[in-house]
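Fold and contact review
Next come the chains, spelled out residue by residue.
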Amino acid sequence: MTYAELIQSLQDWVESNETSLVANLDFIIELAEKRIYRSIDLDNGRKSSSLALVQGTGLVSLPADSVVVRAIAYQVTATGAMTYLLPKETTYIDDYTGNRTTEGTPRYYAHYDDATILVGPAPDAVVSTLEVLHTYRPTQLSGSNTTTWLSTEAPDVLLYACLLEVSTYQLQEPDIIAQYEKMYQMAFQGSLLEENFRNRGDEYRNNEVKVQM
């Protein structure tokens, strides 16, 4: 499903091309996509980012597009040695190091604010990096980005999520909203099941996953 097809489908389903509705469809798509990405951990929404560190500095800016941190690894460039850090609170790291300038091999990380993490001890290697595994928001479906993973691989989920937002915008009757919610949940569960199949591991070790009846 392309952007143009979704825009037309939304107007067809609710039988309206009212000017203000059409003008808000891009925002409605944004809300629908966020609803989906907040509800399911799609591989499509995962990525890895490498951050250069400064020796003796424990505060590190997260990637600008980071939403949820999944894991963080510390790597010394000269040796290639990699250590996965354990998540803690900033108070724990401050108590452990005694001083944020204390250098060593980082063992812990904590969210300092919404854009910064604190690692402790501060890195002692002259050249080192953090490998941050995190989720992000893929580029939204729009007139300039006419197809996305969601629009091609889960068009039913995207359509029904958008219809939920449209029905709320139009102040439709509760039974209509409930019907769209039901259709969205059915499509969403199907997509979730497919994602679980994709990440189940190989059949040699885990056997084939079956659907519970």
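Reading guide: rules and limits
Residues numbered from 1 in each chain as written. Predicted model: local features only at pLDDT ≥ 70, side-chain atom pairs only at ≥ 80, totals over all residues. Heavy atoms only, no water. Phe/Tyr/Trp six-rings, centres within 6.5 Å; stacked < 30°, edge-to-face > 60°. Helix = DSSP H or I, 4+ residues; strand = E, 2+ residues; numbered from the N terminus. Buried < 20%, exposed > 50% of the residue type's maximum accessible area, 1.4 Å probe, protein only. Lys NZ or Arg CZ within 6 Å of the ring centre and 35° of its normal. Arc of directions from axis to C-beta. Contact = heavy atoms within 4.5 Å. Pairing = 2+ DSSP bridges. Core = buried A, V, L, I, M, F, W, Y, C linked by side-chain atoms within 4.5 Å. Salt bridge = Lys/Arg side-chain N within 4 Å of Asp/Glu carboxyl O. Expected span 1.5 Å × (residues − 1).

A few words now on the packing of aromatic side chains. Centre-to-centre distance and the angle between the planes together describe a pair of aromatic rings. For the coordinates displayed, the defined rule picks out four aromatic pairs. When the ring of Tyr92 is compared with that of Tyr108, the centres are 5.2 Å apart and the planes differ by 80°; the resulting orientation is edge-to-face. With Tyr92 in helix 4 (residues 90-97) and Tyr108 in strand 7 (residues 108-113), this residue pair connects regions lying 16 residues apart in the sequence. By relative accessible area, which is 5% here, Tyr108 ends up buried. Ring pairs connect the aromatic residues Tyr92, Tyr96 and Tyr108, which therefore count as one cluster. Residue placement shows Lys47 over the ring face of Tyr136; its charged tip is 5.0 Å from the ring centre.

What follows concerns helix 1 (residues 3-13). For helix 1, the complete set of buried residues consists of Tyr3, Leu6, Ile7, Leu10 and Gln11. Projected onto a plane normal to the axis of helix 1, the buried residues spread over an arc of 130° and lie on a single side. Along its buried surface, helix 1 packs onto helix 2 (19-23), helix 3 (25-39) and helix 6 (155-169). Glu15 lies just past helix 1 and shows a positive phi near 50°.

Counting buried positions along strand 10 (residues 128-135) gives six out of eight residues, so the element sits mostly inside the fold. Relative to strand 10, strand 1 (residues 46-52) runs antiparallel, the two being bridged by seven bridges. Following the sheet pairing, Ala52 is matched in strand 10 by Thr129. As judged from the seven bridges shared by strand 3 (residues 69-76) and strand 10, these two strands associate in the antiparallel manner.

Moving on, we get to the pairing of strand 8 (residues 116-120). Counting buried positions over the five residues of strand 8 gives five, a clear majority of the element. Relative to strand 8, strand 2 (residues 59-61) runs antiparallel, the two sharing three bridges. Paired with Ser61 across the strands is Thr116, a residue of strand 8. Summarising the sheet, strand 7 and strand 8 pair through five bridges and their orientation is antiparallel. Bridge assignment links His111 to a residue of strand 8, and that residue is Ile117. Between strand 7 and the antiparallel strand that follows it, strand 8, lie two residues.

Core analysis: the largest hydrophobic core is formed by 31 residues, its most contacted members being Leu6, Ile36, Cys162 and Tyr184. Mapped onto this core, the elements with two or more residues apiece are helix 1, helix 3, helix 6 and helix 7 (174-198). Looking at this core, the element that brings in the most residues is helix 6, giving nine residues. Once residues within four sequence positions are removed from consideration, Tyr184 is found in contact with Arg35, Ile36, Ser39, Val157, Tyr160, Ala161 and Leu164. Ile72, Tyr74, Tyr109 and Ile117 belong to the second largest nonpolar core, which has 15 residues in total.

The subject of this paragraph is the sheet that holds strand 7. Here we have four strands laid out as an open sheet, ordered 2-8-7-5, and mixed in their pairing. Here the strands that pair on one side only, and so sit at the sheet edges, are strand 2 and strand 5 (86-87).

Next up on the list: the side chain of Ser128. Summarising the element assignment, Ser128 is placed in strand 10. Here Ser128 is in contact with Leu51, Ala52, Leu53, Tyr74, Gln75, Val76, Thr77 and Pro123, once residues within four sequence places are set aside.

Two side chains with opposite charge may pair up if their charged atoms get near one another. All told, the structure shown has six salt bridges when counted by the stated rule. In this structure, the salt-bridge partner of Asp65 is Lys47, at a minimum N-O distance of 2.9 Å. Taken together, the residues span a long stretch of sequence, with Asp65 in the loop between strand 2 and strand 3 and Lys47 in strand 1 at a distance of 18 residues. A salt bridge links Asp94 to Arg100; its shortest N-O distance comes to 2.8 Å. Connected through shared salt-bridge partners, Asp41, Asp43 and Arg46 make up one network.

The terminal C-alpha atoms of helix 6, which comprises 15 residues, lie 21 Å apart, in line with the 21 Å expected from a rise of 1.5 Å per residue. Of all 15 residues in helix 6, 11 are buried, a share of seventy percent or more. Listed in full, the buried residues belonging to helix 6 are Val157, Leu158, Leu159, Tyr160, Ala161, Cys162, Leu163, Leu164, Glu165, Val166 and Ser167.

Read these as geometric descriptors, not functional statements.
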